Amino acid sequence: HHTMSSSPLTAAAASLSPSNRLRKSPRAHSSPQLSLSADTGRDSLESGVSSPQNSRENAGFLTPHTPNNEEFTEEDEFLSLTASKIVTAVRIRPFIKSHGENPKECAAKIRGKTLYLTKKDLERLFFLDHAFWSCNKRDRHFAGNAEVYGTLKPYLLDLAFSGCNSACIGFGESASGKTYSLIGTKADPGIMRRIVSDAIKRSNHVENKIFVHLAIMELHNNNLVDLISPSSSRPLKLKYDRTTKNVNIENLCRVPVSTEKEALSVLERALESRTHPTKSTLSNKAHTIFKLYITSVSKDRTKKAACITIADLAGSESWNQKNFDPQEGTEINKSLCALATVISMIHNRETSSPSKNKKKTFVPFRESKLTFLLQDNFQGASKTVILGTISPATSHFFESLCTLKFIAKTNCIQQKLTVNEEKDQTRLIQALRHEVKFLREQLNQKNELILELRGIIHDYYASDA
């Protein structure tokens, strides 16, 4: 049995206003808008009659309803990619019978981009940018790793090739599907593996010269370790550059890759060096941070540089769970609590009244190495996607609720998306030299004209005398 006090994920939800707390509401089947459709077994907006026959295949997916006059255009898609706020997404994993989860007791439902979380007479709904139903492969609306990556790819890889930094941060309780979504397996690759392959493929089919570098590290017991060269004696250090206003990672090994096979080989070796628990591999014992650096050089020597960050955060640790390590659990919980504090303070700053000076609000990013690492993604010039993963089981209702409340707080965080572009300095110097030469010629012409006018004036007064 899990209690809210045993998980630090509740820290993100504890400071919410009273209006965001749990509320009692009618059951879904008692509302005509959420009634169960008799012919499909799914919750439907069109049906007003509930059917006692419930189909497990689509029981958690609610039919989305979009008016005919609200079509999604290409302009809307472009605006959604470059919008200044953080993108929120949630994925619902399948039931795990070995954890004692009953498929008949489903707490999560999706209608379009709205997620409903219910347990008995308690109901909460959350409005998201993207919602993925991955509970049952037989469902018509099932979203696998390919569908999740295809939806989030424009925010990550497409913007990176345009010179904009991007990030995808996975957040959720232990064994909720974060690692499977972000890393995946060789048979079913996740976002990290797919984005490396696509970056190499795209670099070979563009006119500009593309340089791709990989870096991957993990934060274990508050120590930052380079997974590409774990035996290196040089420790990784975080330093804030006041000139660029970015957090730099000193001594981090960036490996240049030119082929898909080479890139995946480097990635697999690095992933094998991760810290795993001794008896169970369902729960990560460290935060894994992956960085993909893409540099583009055009024919006119214009340089664009971008970084894609993918963070697989470890789930919170409870003292009464199996294989609990006090040191590992304490460090993981401290870093997650620090992240919850940072998000809460940014949320309060963004939602405060305009009369208050928001710039004076201090956000303690340096309280933890995790928050210091992610500072650029939450407060810098980056397009950030928060991918939350939850369990559909009612036994994980409160853990899922805390994850969703955390994601809801990030939805109001504003970001300034900029293009990291450098013009060729040689051409700029040449242009400036031509401009200086032109201005000197104009100045000489004006000086000659002034001398000529002085001569005319002198002759005029001399004739009068």
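Preceding this section is the structure that the text describes.
Computed from a prediction, not measured in an experiment: that's the story for all the values here.

Trainee: Can you explain the packing of aromatic side chains? Please cite residues and give values.
Mentor: Here the structure, examined in full by the defined rule, presents 3 aromatic pairs. Aromatic pair F171 and F406: ring centres 3.9 Å apart, planes at 15°, arrangement stacked. Residue F171 is found in strand β8 (residues 165-172), and its partner F406 is found in helix α10 (residues 397-410); the two are separated by 235 residues along the sequence. You'll find F171 and F406 in the same group, each marked buried. Ring plane angle 85° and centroid distance 5.2 Å describe the contact between F397 and F398, whose orientation is recorded as edge-to-face. Positioned above the aromatic ring of Y293 is the side chain of R254, whose terminal nitrogen or guanidinium carbon lies 3.8 Å from the ring centre.

Trainee: Give a description of the nonpolar core that names residues and reports values.
Mentor: Residues L115, L117, M217, L224, I249 and F378 are the most contacted members of the largest nonpolar core, which totals 54 residues. When near neighbours in sequence (up to four residues on either side) are disregarded, L117 contacts A107, A108, L122, E123, R124, F397, S400, L401 and L404. Counting 41 residues, the second largest nonpolar core, distinct from the first, contains A160, I183, M192 and L267.

Trainee: Would you mind going over helix α6 (residues 260-272) in detail, with residue names and values included?
Mentor: Taking 1.5 Å of rise per residue, the 13 residues of α6 would be expected to cover 18 Å, and the 18 Å separating its terminal C-alpha atoms lies within 8% of that figure. What α6 keeps buried is the set A263, V266, L267, E268, A270 and L271. Buried-residue contacts for α6 involve α5 (191-203), β9 (209-220), β13 (255-257) and β14 (287-297).

Trainee: Would you mind going over the packing of helix α3 (residues 145-161) against α5 in detail, with residue names and values included?
Mentor: Viewed as axis vectors pointing N to C, α3 and α5 meet at an angle of 50°, and their least axial separation amounts to 10 Å. By the criterion of interaxial angle, the relationship of α3 to α5 is oblique. In this structure, α3 meets α5 at a crossing whose hand is right-handed. Contact with α3, carried on its side by N145, A146, V148, Y149, L152, K153, L156, L157, D158 and F161, involves I191, R194, I195, D198, A199, R202 and S203 of α5 and no other residues of that element. Here the contact of α3 with α5 is composed, by residue class, of 10 nonpolar, 2 polar and 5 charged.

Trainee: Report on the environment of C135, specifying residues and quantitative values.
Mentor: Position of C135 among the secondary structure elements: in the loop between β7 (130-133) and α3. Classification of C135 as buried rests on a relative accessible area of 11%. Considering only alpha carbons, one finds C135 and P94, 41 residues apart in sequence, at a separation of 3.8 Å. Look past the residues within four positions of C135 in its chain and what remains in contact with it is I92, R93, P94, F95, F142 and P392.

Rules behind the numbers
Residues numbered from 1 in each chain as written. Predicted model: local features only at pLDDT ≥ 70, side-chain atom pairs only at ≥ 80, totals over all residues. Heavy atoms only, no water. Phe/Tyr/Trp six-rings, centres within 6.5 Å; stacked < 30°, edge-to-face > 60°. Helix = DSSP H or I, 4+ residues; strand = E, 2+ residues; numbered from the N terminus. Buried < 20%, exposed > 50% of the residue type's maximum accessible area, 1.4 Å probe, protein only. Lys NZ or Arg CZ within 6 Å of the ring centre and 35° of its normal. Core = buried A, V, L, I, M, F, W, Y, C linked by side-chain atoms within 4.5 Å. Contact = heavy atoms within 4.5 Å. Expected span 1.5 Å × (residues − 1). Axes fitted to C-alpha atoms, helices over the stretch in contact; angles between N-to-C directions. Parallel < 35°, antiparallel > 145°, perpendicular 65-115°, else oblique. Left-handed = near helix turned anticlockwise from the far one by under 90°. Nonpolar A, V, L, I, M, F, W, Y, C, P; charged D, E, K, R; others polar.

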